[in-house]
Amino acid sequence: MLSGWLRLGSSATTVLGRRLSGVAASAVKPAYSEITGDDVDFFRSKLQPGAIIQGTEDLAPYNKDWMNKYFGKSKLALRPKTTEEVSELLRYCNEKSIPVVPQGGNTGLVGGSVPVNDEVIVSMSTMNKILDFDEVSGSITCEAGCVLETLDDYLADKGYRMPLDLGAKGSCQIGGNVATNAGGSRFVRYGSLRNSILGMEFVLADGTIVDTLTSLKKDNTGYDLKQLMIGSEGTLGIITKLTISTPRRLPAVNAALLGLQSFEDVAKLLVEAKAGLGEILSAFEFMDLEAVELGLKHLHGVRDPFESRCKCYVLIETVGSNSTHDGEKLEGFLEKSFEAGTLVDGVIAQDKTQMDSFWALREGLPEALLKEGAHGTLKYDVSLPMKDFYALVTDTRQRLSQLPAATVGWGHIGDGNLHLNVAITQQGASEAVKAQMDPFLYEWVKSRRGSISAEHGLGLMKAEKIYYTKPKPAVDIMKLIKNALDPNGILNPHKVLPRS
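These figures come from a predicted structure and were not determined experimentally.

Basis of the calculations
- Residues numbered from 1 in each chain as written.
- Predicted model: local features only at pLDDT ≥ 70, side-chain atom pairs only at ≥ 80, totals over all residues.
- Heavy atoms only, no water.
- Helix = DSSP H or I, 4+ residues; strand = E, 2+ residues; numbered from the N terminus.
- Contact = heavy atoms within 4.5 Å.
- Areas by Shrake-Rupley, 256 points an atom, 1.4 Å probe, with all protein chains shown as cover.
- Lys, Arg positive; Asp, Glu negative; His and termini not counted.
- Charge placed at Lys NZ, Arg CZ, Asp CG, Glu CD.
- pLDDT = per-residue confidence, 0-100.
- Salt bridge = Lys/Arg side-chain N within 4 Å of Asp/Glu carboxyl O.
- Buried < 20%, exposed > 50% of the residue type's maximum accessible area, 1.4 Å probe, protein only.
- Pairing = 2+ DSSP bridges.
- Polar contact = N/O pair within 3.5 Å; in protein donor to acceptor, adjacent residues only side chain to side chain.
- Axes fitted to C-alpha atoms, helices over the stretch in contact; angles between N-to-C directions.
- Parallel < 35°, antiparallel > 145°, perpendicular 65-115°, else oblique.
- Phe/Tyr/Trp six-rings, centres within 6.5 Å; stacked < 30°, edge-to-face > 60°.
- Core = buried A, V, L, I, M, F, W, Y, C linked by side-chain atoms within 4.5 Å.
- Expected span 1.5 Å × (residues − 1).
- Disulfide = S-S within 2.5 Å.
- Patch = residues over 30% accessible without salt bridge, like charges linked within 9 Å, V, L, I, M, F, W, Y side chains within 5 Å.

A. Local environment of the overall build of the protein chain. The helix and strand tally for the protein chain stands at 17 helices and 16 strands. Judged by the C-alpha coordinates and their principal axes, the protein chain covers about 70 × 55 × 50 Å. Within the protein chain, contacts between residues separated by at least 24 positions form 74% of all contacts whose residues are at least 6 apart in sequence. Carbon and sulfur atoms make up 49% of the accessible area of the protein chain, which totals about 21600 Å². Distance between charge centres in the protein chain, computed from 54 positive and 61 negative side chains, equals 5 Å.

B. Here's a closer look at the confidence of the model for the protein chain. Residues with a pLDDT of 70 or more make up 94% of the protein chain, whose mean pLDDT is 93. Here residues 1-29 scores under 50 on pLDDT; set against residues more than four positions off or in separate chains, the count is 47 contacts.

C. Local environment of the pattern of salt bridges. Under the definition given, this model contains 24 salt bridges. We note a salt bridge from E363 to K169, for which the minimum N-O separation is 3.4 Å. Of the two residues, E363 is situated in helix α12 (residues 352-363) and K169 in the loop between α5 (148-156) and α6 (174-179); the sequence distance between them amounts to 194 residues. On the accessibility criterion, E363 (26% relative accessible area) is partly exposed. Since its relative accessible area comes to 21%, K169 is described here as partly exposed.

D. How the structure looks around the sheet that holds strand β4 (residues 120-123). With mixed pairing, four strands are arranged side by side in an open sheet as β1-β2-β4-β3. Of all the strands in the sheet, just β1 (52-53) and β3 (100-103) have a single pairing partner and so form its edges. Strand direction decides the pairing type here: strand β2 (residues 77-78) and β4, joined by two bridges, are parallel. Bridge assignment links A77 to a residue of β4, and that residue is I121.

E. Spatial organisation of the side chain of T243. As for its position among the elements, T243 is in strand β9 (residues 238-245). Side-chain polar atoms of T243 contact the side chain of T141, separated by 2.9 Å. Excluding residues that lie within four positions of it along the chain, T243 makes contacts with S139, I140, T141, S196, I197, L198, G199, L213, T214 and S215.

F. Region of interest: the packing of helix α10 (residues 289-298) against helix α13 (residues 365-372). Running from amino to carboxyl end, α10 crosses α13 at an angle of 75°, the nearest separation of the two axes being 9 Å. The pairing of α10 with α13 is recorded here as roughly perpendicular in orientation. Listed contacts from α13 to A291, L294, G295, K297 and H298 of α10 are L365, A368, L369, K371 and E372.

G. Examining the packing of aromatic side chains more closely. For the coordinates displayed, the defined rule picks out 13 aromatic pairs. Relative to Y390, the ring of F286 has its centre 5.6 Å away and its plane inclined at 80°; by these criteria the two rings are edge-to-face. A residue pair is termed long-range when its members are at least 10 positions apart, and F286 in strand β11 (residues 281-288) and Y390 in the loop between β14 (377-383) and α14 (391-399) qualify at 104 residues. On the numbers, 5.7 Å between centres and 15° between planes, the contact of F306 with Y313 is stacked.

H. Representation of the nonpolar core. F43, I174, V178 and M200 are the most contacted members of the largest nonpolar core, which totals 56 residues. Those residues in contact with V178 that lie beyond four places of it in its chain are L193, I197, M200, M229, I230, G231, I239 and L242. Core analysis: the next-biggest nonpolar cluster, separate from the first, contains 52 residues, L343, L384, I424 and V496 among them.

I. Representation of the side chain of N63. Relative to the elements of secondary structure, N63 occurs in the loop between α3 (56-59) and β2. Residue N63 is classed as buried on the basis of its relative accessible area of 10%. Once residues lying within four places of it in the same chain are set aside, the contact partners of N63 are Y70, F71, G72, K73, S74, V114, P115 and I121.

J. Local environment of unusual backbone geometry. Cis peptide bonds are those with omega within 30 degrees of zero, and the linkage from D438 to P439 qualifies with 15°. Summarising the element assignment, P439 is placed in the loop between α15 (430-437) and α16 (440-447).

K. Geometry of helix α17 (residues 472-485). For α17, with 14 residues, the first-to-last C-alpha span of 20 Å sits near the 20 Å given by 1.5 Å per residue. Among all positions in α17, only V475, D476, K479, L480, I481, K482, N483, A484 and L485 are buried.

L. Up close: the state of the cysteines. For the structure on display, the rule yields zero disulfides. No disulfide involves C312; its sulfur sits 8.8 Å from that of C310, the nearest cysteine. Judged by relative accessible area, which is 3%, C312 ranks as buried.

M. Local environment of the sheet that holds strand β16 (residues 417-424). Strand order in the open sheet formed by seven strands is β13-β10-β12-β11-β15-β16-β14, and the pairing between neighbours is antiparallel. Every interior strand has two partners, whereas the edge strands, β13 (345-348) and β14, have only one. Geometrically, the sheet is characterised by an average inter-axis angle of 15° between neighbouring strands, direction not taken into account. Two elements, β11 and strand β12 (residues 312-320), share seven bridges in a ladder whose sense is antiparallel.

N. Quick peek at a negative patch on the surface. On the surface, a cluster of negative charge is contributed by E328, E331, E335 and E339. Following the sequence through the fold, E328 ends up in helix α11 (residues 323-339). The class for E328 is exposed, based on a relative accessible area of 55%.

O. How the structure looks around the environment of W444. The residue W444 is located in helix α16 in this model. Sequence-wise, W444 and L392 are 52 residues apart; in three dimensions their C-alpha atoms are separated by 7.7 Å. Once residues lying within four places of it in the same chain are set aside, the contact partners of W444 are L384, D388, A391, L392 and D395.

P. A look at α16. For α16, the complete set of buried residues consists of F440, L441, Y442, W444 and V445. Lining the buried residues of α16 we find β14, α14, β16 and α15. Count one or two residues on from α16 and you reach R449, which has phi positive near 55°.

Set out below in structure tokens:
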């Protein structure tokens, strides 16, 4: 019976007990309280010196996203250093109906970590300790504010690596990564981040600390509560600590940048790579010609290694334990692909410098897009069946052909994740471009049974679009869970779930 779950009050269990049939589970619409001087005094009494941020200038980086697309009006940011402090803050905010926005590295693309109004920001940046590492099992336990690159550097000295790799690894935090179930370029090798999370400590809206922080790889005792938090974007609780299973850092790494003449050849190469490279395939990244030209135009130190341009580019990475074996395997695979006519050009990195330059092109594309789109950018992160993957790019390009907009496509083709991007190149054209894209893009993805969010989450940007991917009964269940765990609706309001 669910009524005993996590010691929640009777109002929450009543919501969970409600029948779904014929019931429209409504989103929580509470009356929120504004921050007062008494509230600030309470927070100051519970937090350590320097943990309270006030003032327009000091709050500016907390009140906007890195793309300068979303802006909040928060008057207060709190930086707890312990789980107990997080618990105290949430308990108080829940009792006073003060809305809260959990914030990690603030590197998201859908407005999930930025206040919509004047919510209190709870920044996890000062909860950044590595707590334990088991060199036998390869599990690392850390606080949620640890930066992804810091964790990976720590693991490198131990012969391990993080199963997640992102372009924003130098600033994104692991708690935010898990809260959004971030994907990244190594998904094809290590799978979903969700599968690597062994244990978690999180705090509910009422301050309840839920400690499921285990390093066990097998634990089949009841509901797997951490899975509710993964991908919930801070709407169900605040993640404070994690135990993550990490793979070995193997010594033999190779990379090749390849040129192809059609997307059909890219799809064919992917099939051949999975068969021909097998267990050593670590990344399979796609960029169209327009994306590469954008990178070459705006990124410092990046160059095209080919004498002539190709319509499509693929970055392949292999990781294994035997340099000679892996190098021969990659070269043999590429030779066969050239002979079959799948490839028209290609180069294998001869050292780490060349390898880094390949990745600099791929990972620098978001930066290049911002520079090209001086008057605005539109970024879409979708999952599609392979047969429809690039058709969305060509259809969008045709749809916007009469507008001052550059359409480019890249993505993690190994797992069907396309990043469709539009750079607006003329002042005053933003609204016209947006009108052509919404609802066109969402309807297009829905008609192919794709997902409107592959790895970025829903945040504020796509909360009202969830029905394009999820059926109403599924969303109703999500609302019931939200109402049960956060009956006052204080956690990250207006995100993930539709307001209606």
